[in-house]
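# Analysis of the macromolecular model
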Amino acid sequence: MSSIINFLSNNFEVIILVNFCFFIMAAVTIIFVRLRLSIFANIRQFSRFLNQLLFYIVVGLQSLMIMLAGYLFLINYVRASMITLEERTIYDISWVKSQMPIYYIVGQSLMSIQVNGQDEKKVFEVPYRIREYHFSPDGQFILVVTEKDIYKFNRKNGDSELIDTLSTTVTEDQKESQQPPAQSKGVIHNVRWAPDSQKFCYELVKWSKFSSQDTLYVYNLNDEKKYAIHNPTREVSALSWDMASENLYYTQFEAKDTSRYSYPYEIRIFKVPLSTLHPELVEKIPYREPHLSSLNLKLRNIKLFTQGDKLSFGRSGLKENEWSSEDGPRIGIDEDDHLYYIKNRWWRKRLYKIPSVFIKSDMPRYKYGKGVLVIYNIKWLPGGHYVVLGHRSRGILILEPSSGKVGQLVSEKGDTFGWYPGDAKNN
């Protein structure tokens, strides 16, 4: 019975469309029969019978459709409000028909586990807490960024290398032992792989009570050396690679006085060739917003590599209310804290209610509110069949929205789960 309910709920929009088409066809047929009744009096009795039969069929099917809609509404919007996440969670995830390693962070360790719960292992461990990690486009390397350092990890042979640190220098002994020198305040961020997987850029920022230092670097895997980008006089936004892996681009904007200019912003596009590492002003563009879209850049023959964002995973919380898979289905959290599933376009299937937990905080939104949701992160896996969720007390969960099955993938709390899409294998 549950499988029938799932099928009807997931395909409710299709059912409505089929019902609407049948209603139109039946209405056209009834009109045609009535016209024929008035023209051909010798078949009056047969036409009257056919007209009544079609009428009863339409009324019966429409009544059935109304009852079906009411029943599905009851199942998805009334009874579902009594079902919580904890009541639906199971520990057997043998029903997951997919193979792909999921990576996640536990403190100072980068872990991995198969989607079906097998082959859990520690991939990489470092002295400081891991903040983010980035897969190379070819999937061979992972850049691991901690609170103090950045490492390059080879997925094929397990080798690792300390690329840079917030300390002044990196000695050969530190590279071999992977032990960082004395701590200093700062951050390493804005990591970007080139499309050829042979270069990447990053930003290293250090500061003290008296001064600050901001340096952009390009690291070349061929000669295993880093090269500093000559900083311009103004602050640089995040760098982006072009598709040829030969230039880096960034933009800056300047607000204009609208009483003197017809546009509120002037966008400046800069190019950083790898041959010189000196920023060059490419173009100035009057624009209505402080940033340009990728389409605007393409029209100016600037093709940026944007797929790298899908290979980068950093710590984040619930910043949205709805998440879409690449294949179209969506999941979201409504105003009543229910997790819902939309397979086609607009019909919501409520899966279960997400509880809230109170946390100790001086912030009024937490102190006097209902707390925070137990789910702190949601991501679709490649293929659009499964969803990974981070739970504050039950670790990492995996969900099959079409059936409503949810199981525990990892018992300990794991942050920043991610994957390399090329590893996905669906059965």
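Since we're looking at a predicted model, the values are computed, not measured.

Turning next to the overall build of the protein. Broken down by element type, the protein carries 7 helices and 30 strands. When the 427 residues of the protein are sorted by exposure, 44% land in the buried category. At a minimum sequence separation of 6, the contacts of the protein that also span at least 24 residues come to 47%. Accessible surface computed for the protein: about 23,400 Å², of which carbon and sulfur atoms make up 53%.

Here we take up the pairing of strand β25 (residues 375-380). For β25, a buried count of 6 out of 6 residues is recorded, marking the element as mostly surrounded by other parts of the structure. Connecting the antiparallel pair β25 and strand β26 (residues 387-391) is a turn made up of 6 residues, with glycine 383 showing a positive phi of about 105°.

The next subject is the sheet that holds strand β12 (residues 212-220). A sheet is described by the order of its strands in space; here 4 strands give the open sequence β10-β11-β12-β13, paired in antiparallel fashion. Across the chains shown, the open sheet's two edge strands, defined by having one partner strand only, are β10 (186-193) and β13 (225-229). When the angles between neighbouring strand axes are averaged without regard to direction, this sheet yields 25°. Pairing geometry for β10 and strand β11 (residues 199-207), over 6 bridges, is antiparallel. Looking at β11, one finds that arginine 192 is bridged to cysteine 201.

On to the side chain of lysine 349, then. Turning to its location among the elements, lysine 349 is positioned in strand β22 (residues 349-353). Buried charged residue lysine 349 carries no salt bridge. Nearest counter-charge: glutamate 400, at 9.0 Å. A distance of 3.0 Å separates a polar side-chain atom of lysine 349 from the backbone oxygen of serine 402.

Turning next to the packing of aromatic side chains. Throughout the structure, instances matching the rule amount to 17 aromatic pairs. Here phenylalanine 200 and tyrosine 202 contribute two aromatic rings whose centre-to-centre distance is 6.1 Å and whose plane-to-plane angle is 35°, an arrangement assigned as tilted. Residues phenylalanine 200 and tyrosine 219 carry aromatic rings whose centres are separated by 5.2 Å and whose planes lie at 20° to one another, so their mutual orientation is stacked. Taken as a pair, phenylalanine 200 in strand β11 and tyrosine 219 in strand β12 lie far apart in primary sequence, 19 residues in all. Exposure class is identical for phenylalanine 200 and tyrosine 219. Each is buried. Site record: aromatic cluster; members linked through ring pairs are Tyr103, Tyr133, Phe135, Phe313, Trp419 and Tyr420. Here the basic side chain of lysine 226 rests over the ring of tyrosine 217, its NZ or CZ set 4.5 Å away from the ring centre. For the cation-ring pair, lysine 256 lies above tyrosine 261, with the distance from its terminal atom to the ring centre recorded as 5.0 Å.

Let's shift gears to unusual backbone geometry. The backbone of asparagine 190 shows a phi angle near 55°, a positive value even though the residue is not glycine. As for its placement among the helices and strands, asparagine 190 is situated in strand β10. Residue class for asparagine 190 comes out partly exposed when judged on its relative accessible area of 24%. A positive phi is found at asparagine 301, a non-glycine position, where the angle reads about 65°. Looking at where asparagine 301 falls in the secondary structure, it is placed in the loop between α6 (294-299) and β18 (312-314). Among the residues examined, asparagine 301 registers a relative accessible area of 64% and is labelled exposed.

Thresholds applied
- Residues numbered from 1 in each chain as written.
- Predicted model: local features only at pLDDT ≥ 70, side-chain atom pairs only at ≥ 80, totals over all residues.
- Heavy atoms only, no water.
- Helix = DSSP H or I, 4+ residues; strand = E, 2+ residues; numbered from the N terminus.
- Buried < 20%, exposed > 50% of the residue type's maximum accessible area, 1.4 Å probe, protein only.
- Contact = heavy atoms within 4.5 Å.
- Areas by Shrake-Rupley, 256 points an atom, 1.4 Å probe, with all protein chains shown as cover.
- Pairing = 2+ DSSP bridges.
- Axes fitted to C-alpha atoms, helices over the stretch in contact; angles between N-to-C directions.
- Lys, Arg positive; Asp, Glu negative; His and termini not counted.
- Salt bridge = Lys/Arg side-chain N within 4 Å of Asp/Glu carboxyl O.
- Polar contact = N/O pair within 3.5 Å; in protein donor to acceptor, adjacent residues only side chain to side chain.
- Phe/Tyr/Trp six-rings, centres within 6.5 Å; stacked < 30°, edge-to-face > 60°.
- Lys NZ or Arg CZ within 6 Å of the ring centre and 35° of its normal.

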